[in-house]
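Breakdown of the fold
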Amino acid sequence: MKLADLQDRLRDTRGPLAITGQGSKSFYGEAPQGEPLSTLGLAGVTAYEPSELYVTVRAGTLLEDLEALLVAQRQRLAFEPPRFGGRGTVGGMVATGLSGPSRAALGSVRDHLLGASIVTGRGELLHFGGTVMKNVAGFDVSRVMAGSLGVLGLIAEVTLKVMPLPAATRTLRFEADQTAALRQLNHWGGQPLPIEASAWWDGALLLRLAGAQAGVDAATRQLGGDEIPVELAQPFWTGLRDQSDEFFVGAERAVAAGERGQVRLWRLSVPCTAPELRLPGEQLIEWGGAQRWVVTPLSPEGVREAAAAVGGHATQFRAVDKSAGVFTPLSAPLAAIHRRLKASFDPDGRFNPGRLYPDL
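Counting across every chain of the model gives 18 salt bridges. The salt bridge involving Asp-8 is made with Arg-11; its shortest N-O contact spans 3.0 Å. Here Arg-11 and Asp-8 lie together in helix α1 (residues 3-12), a separation of three residues that amounts to about one turn. The shortest N-O distance in the salt bridge between Glu-276 and Arg-278 comes to 3.6 Å. With a relative accessible area of 25%, Glu-276 lands in the partly exposed category. When its relative accessible area of 69% is taken as the criterion, Arg-278 is described as exposed. Through salt bridges that share partners, Glu-67, Arg-83, Arg-241 and Asp-242 make up one connected network.

So, about the sheet that holds strand β17 (residues 313-318). Spatial strand order, β13-β10-β12-β11-β15-β16-β14-β17: eight strands in an open sheet with antiparallel pairing. Where the open sheet ends on each side, the last strands, each with one partner, are β13 (226-228) and β17. When strand polarity is set aside, the average angle formed by the axes of neighbouring strands in this sheet is 20°. Examined bridge by bridge, strand β14 (residues 264-269) and β17 share five bridges and lie antiparallel to one another. Bridging across to β17, Trp-266 finds its partner in Gln-316. Running over the sheet, helix α8 (residues 213-223) touches β10 (168-175) and β12 (204-211) and is turned about 10° from β10.

This part is about the layout of surface pockets. Space left empty within the atom packing is revealed by a probe, the size of a water molecule, rolled over the atoms. Of the volumes computed, that of the largest pocket is approximately 1200 Å³. If you go around the largest pocket, you meet 49 residues; those closest to its centre are Thr-96, Arg-110, Ala-146, Gly-147 and Arg-267. Those elements giving two or more residues to the lining of the largest pocket turn out to be α5 (109-112), α6 (141-144), α9 (230-242), β14, β16 (291-296), β17 and α12 (332-345). Class assignment for the residues of the lining of the largest pocket results in 27 nonpolar, 14 polar and eight charged. As a volume, the second largest pocket reaches approximately 570 Å³.

Moving on, we come to the packing of aromatic side chains. In this structure the tally under the stated criterion is twelve aromatic pairs. Arranged with centres 6.0 Å apart and planes meeting at 55°, the rings of Phe-327 and Tyr-357 form a pair that is tilted. In this pair, Phe-327 is assigned in the loop between β17 and α12 and Tyr-357 in the segment after α12, connecting sequence segments 30 residues apart. The burial state of Phe-327 is the same as that of Tyr-357; both residues are buried. A network of ring pairs unites the aromatic residues Phe-27, Tyr-28, Phe-84, Trp-201, Phe-247, Phe-248, Trp-293, Phe-317, Phe-327 and Tyr-357 as a single cluster.

The rules behind these values
- Residues numbered from 1 in each chain as written.
- Predicted model: local features only at pLDDT ≥ 70, side-chain atom pairs only at ≥ 80, totals over all residues.
- Heavy atoms only, no water.
- Salt bridge = Lys/Arg side-chain N within 4 Å of Asp/Glu carboxyl O.
- Helix = DSSP H or I, 4+ residues; strand = E, 2+ residues; numbered from the N terminus.
- Buried < 20%, exposed > 50% of the residue type's maximum accessible area, 1.4 Å probe, protein only.
- Pairing = 2+ DSSP bridges.
- Axes fitted to C-alpha atoms, helices over the stretch in contact; angles between N-to-C directions.
- Contact = heavy atoms within 4.5 Å.
- 1 Å grid on protein atoms, 1.4 Å probe; cavity = no way out; pocket = protein on both sides within 12 Å on 5 of 7 lines; lining within 4 Å.
- Points joined across faces, edges and corners; volume = space filled by probe spheres on them.
- Nonpolar A, V, L, I, M, F, W, Y, C, P; charged D, E, K, R; others polar.
- Phe/Tyr/Trp six-rings, centres within 6.5 Å; stacked < 30°, edge-to-face > 60°.

Have a look at this one:
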């Protein structure tokens with residue numbers, strides 16, 4: 001379906017619509033409602049300037065196809081969005097706002113989003129942003145689309161900042177319990193080290209160094225640890241990025257098999273200096289301690305209280321029973337802002353109703 005055809009459909013029809021690409025992230029957020037509206041007809045790269053470090057791409061484009069183009073120019077999407085078995089699309093990447101292992105060091109989807117074209121609930125095509133990052137007064141509408149789960153509008157096309165591949169990378173492994181790993185991560189975080197990603201799970205802390213060869217070599221000598229061969233390190237970071245490694249596969253099975261839907265996979269966003277969270281179940285820690293994954297039968301109230309106690313919040317990432325709400329409830333002022341945004345872009349409430357919050 002061409003963009004003009006999609007706009008005509010929106011003008012000529014009524015009722016709720018569930019925006020979808022490949023459906024790789026349909027588990028995330030509240031359950032989709034409404035007639036499916038596919039973005040897969042909106043595919044392809046419309047502009048790419050390697051020397052200017054930006055690419056403009058349509059929403060239905062597979063991430064794998066986009067990244068193959070970038071790698072040919074020794075460039076990348078530095079925030080490492082998960083590809084979920086090769087089915088992830090650019091539109092879904094922006095709508096969910098999910099980033100991979102390097103997010104703490106290099107920024108999120110939102111940080112790399114330069115511009116966006118969206119279709120409103122009444123079929124209007126709107127353009128926001130451009131091809132460069134600018135400091136300007138006013139509301140940066142394109143970035144609001146990141147993490148909106150499609151409730152504001154259909155993302156038709158986006159412009160993204162791209163970055164060169166690092167000259168050198170290296171992965172180091174350290175034996176450490178969770179408390180020691182968090183303490184060490186915070187110690188290293190205050191030093192000028194080229195740490196691009198970190199992960200702690202099951203008594204092992206892994207660091208990925210990236211940058212100039214001399215800097216990576218110097219950091220390796222300073223940090224110590226066991227160097228992991230590339231042929232083992234690369235699959236680990238890829239599995240972590242795409243949520244296809246042992247932890248996430250086990251978590252998905254545990255959620256599916258949990259009695260009465262009580263086992264859930266939670267994503268906790270907390271200050272990197274937060275102490276060990278003594279929650280029942282298995283944990284995996286990323287982003288220097290700021291992102292903590294927990295597979296637990298503990299009640300949603302218990303998990304959210306634990307996250308709030310250290311200044312963070314919790315999201316039900318995978319769950320059978322979502323009756324307690326996927327996302328942490330908004331404060332009244334913030335909820336009012338969300339409702340006004342929804343009314344401005346989708347006044348008839350057609351796009352992904354309830355996918356983010358029940359009243360949006």
